[in-house]
Amino acid sequence: MLKMILTIVLVVLILICAVIIIVKMHKKKRSIADTPAVVVSIRKIAEFVTLCFYEDKIMIERKPKKIVDNKLGNYIADKLDKDDGLIYDEICLIANGQVRAGYDLNKITSHDIRIIDNVLEIKLPAPQIIDIIINPKGWDFYVEDGNWTEEEIKQLKSKAKSLVEQDAISYGVLQKAEQGKERLKVLLMSFGFKEVKFV
């Protein structure tokens with residue numbers, strides 16, 4: 001009888017040990033440990049925009065156009081209320097600008113990621129301006145008097161884009177874009193990590 005009780009106790013202990021081993025193995029299967037695969041997954045996100053800055057920029061450009069430099073030209077200039085015998089070609093357009101800032105996740109390498117017990121530690125690149133979009137539906141011209149070459153209009157549009165970018169930087173888009181890391185944290189946790197830490 002004693003042998004039978006010892007045999008039953010031994011069988012129960014073996015079953016308990018087997019269950020513990022199976023549970024531990026099952027937990028290990030669910031862990032995320034393949035760093036290169038995680039890097040590839042994060043890079044697929046590519047650009048993570050955390051802030052958009054919008055601005056309408058009015059661009060006015062004038063260039064003198066010399067009238068005949070004689071009494072008639074000066075008379076016409078006086079009547080047009082212009083100085084020095086000049087009249088002007090003028091152009092006015094509205095640049096509807098959008099500056100998108102955030103993180104370029106294509107810059108992340110395996111050196112920027114560490115995974116320990118399903119906790120992702122990641123070193124993000126600095127936030128940057130991802131792109132500047134000016135008038136996706138076309139430009140609004142309000143005044144276009146005189147002769148303007150394609151190159152002059154192209155330069156004015158380029159100047160508008162630069163001014164919108166400068167205003168966005170002055171506004172602090174890069175600093176404010178960094179505050180959007182929490183949304184990125186939620187996204188990365190959806191990969192199956194129990195925690196995400198930015199280092």
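Residues numbered from 1 in each chain as written. Predicted model: local features only at pLDDT ≥ 70, side-chain atom pairs only at ≥ 80, totals over all residues. Heavy atoms only, no water.

**Student:** So what's going on with the overall build of the chain? Which residues, and what values?
**Tutor:** Counting its secondary structure elements, the chain contains six helices and seven strands. For the chain, the N- to C-terminal ordering of α and β elements is α-α-β-α-β-β-β-β-β-α-α-α-β. The buried share of the chain, reckoned over its 199 residues, is 31%. For the chain, restricting intrachain contacts to residue pairs at least 6 apart in sequence, the fraction spanning at least 24 positions comes to 81%. Per element, the accessible surface of the chain, about 13,700 Å² overall, is 57% carbon and sulfur. (Helix = DSSP H or I, 4+ residues; strand = E, 2+ residues; numbered from the N terminus. Buried < 20%, exposed > 50% of the residue type's maximum accessible area, 1.4 Å probe, protein only. Contact = heavy atoms within 4.5 Å. Areas by Shrake-Rupley, 256 points an atom, 1.4 Å probe, with all protein chains shown as cover.)

**Student:** Before we move on, can you summarise the environment of Asp104 with the specific residues and values?
**Tutor:** Note on placement: Asp104 falls in strand 2 (residues 86–104). For Asp104, the residues in contact, after removing those within four places along its chain, are Ala46, Pro125 and Gln128.

**Student:** Pulling in residues and values, what's your account of the sheet that holds strand 7 (residues 195–198)?
**Tutor:** Spatially, three strands are ordered 3-4-7 in an open sheet, and the strand pairing comes out mixed. Across the chains shown, the open sheet's two edge strands, defined by having one partner strand only, are strand 3 (113–116) and strand 7. Along the sheet, successive strands turn relative to each other by an average axial angle of 20°, direction set aside. Examined bridge by bridge, strand 4 (residues 119–122) and strand 7 share four bridges and lie parallel to one another. Of the residues in strand 7, the one forming a bridge with Ile122 is Phe198. Each of strand 4 and strand 7 touches helix 6 (residues 181–189); the most contacted strand, strand 7, lies at about 140° to it. (Pairing = 2+ DSSP bridges. Axes fitted to C-alpha atoms, helices over the stretch in contact; angles between N-to-C directions.)

**Student:** Lay out the nonpolar core in plain terms, naming residues and giving numbers.
**Tutor:** With 19 residues, the main nonpolar core has Val99 and Val173 as its most contacted residues. Those elements that provide at least two residues to this core are strand 1 (47–66), strand 2, strand 5 (128–134), helix 4 (150–171) and helix 5 (173–178). In this view, Val99 contacts Leu51, Cys52, Phe53, Ile129, Asp131, Ile132, Val164 and Ala168; residues no more than four positions away in its chain are not counted. (Core = buried A, V, L, I, M, F, W, Y, C linked by side-chain atoms within 4.5 Å.)

**Student:** Now, about the packing of aromatic side chains: what can you tell me, with residues and values included?
**Tutor:** Taken as a whole and judged by the stated rule, the model has one aromatic pair. Ring geometry for Phe53 against Tyr171: centres 5.3 Å apart, planes inclined by 40°, an arrangement best described as tilted. Here Phe53 is found in strand 1, whereas its partner Tyr171 is found in helix 4, with 118 residues between them in sequence. Judged by relative accessible area, Tyr171 falls into the partly exposed class, the value being 45%. (Phe/Tyr/Trp six-rings, centres within 6.5 Å; stacked < 30°, edge-to-face > 60°.)

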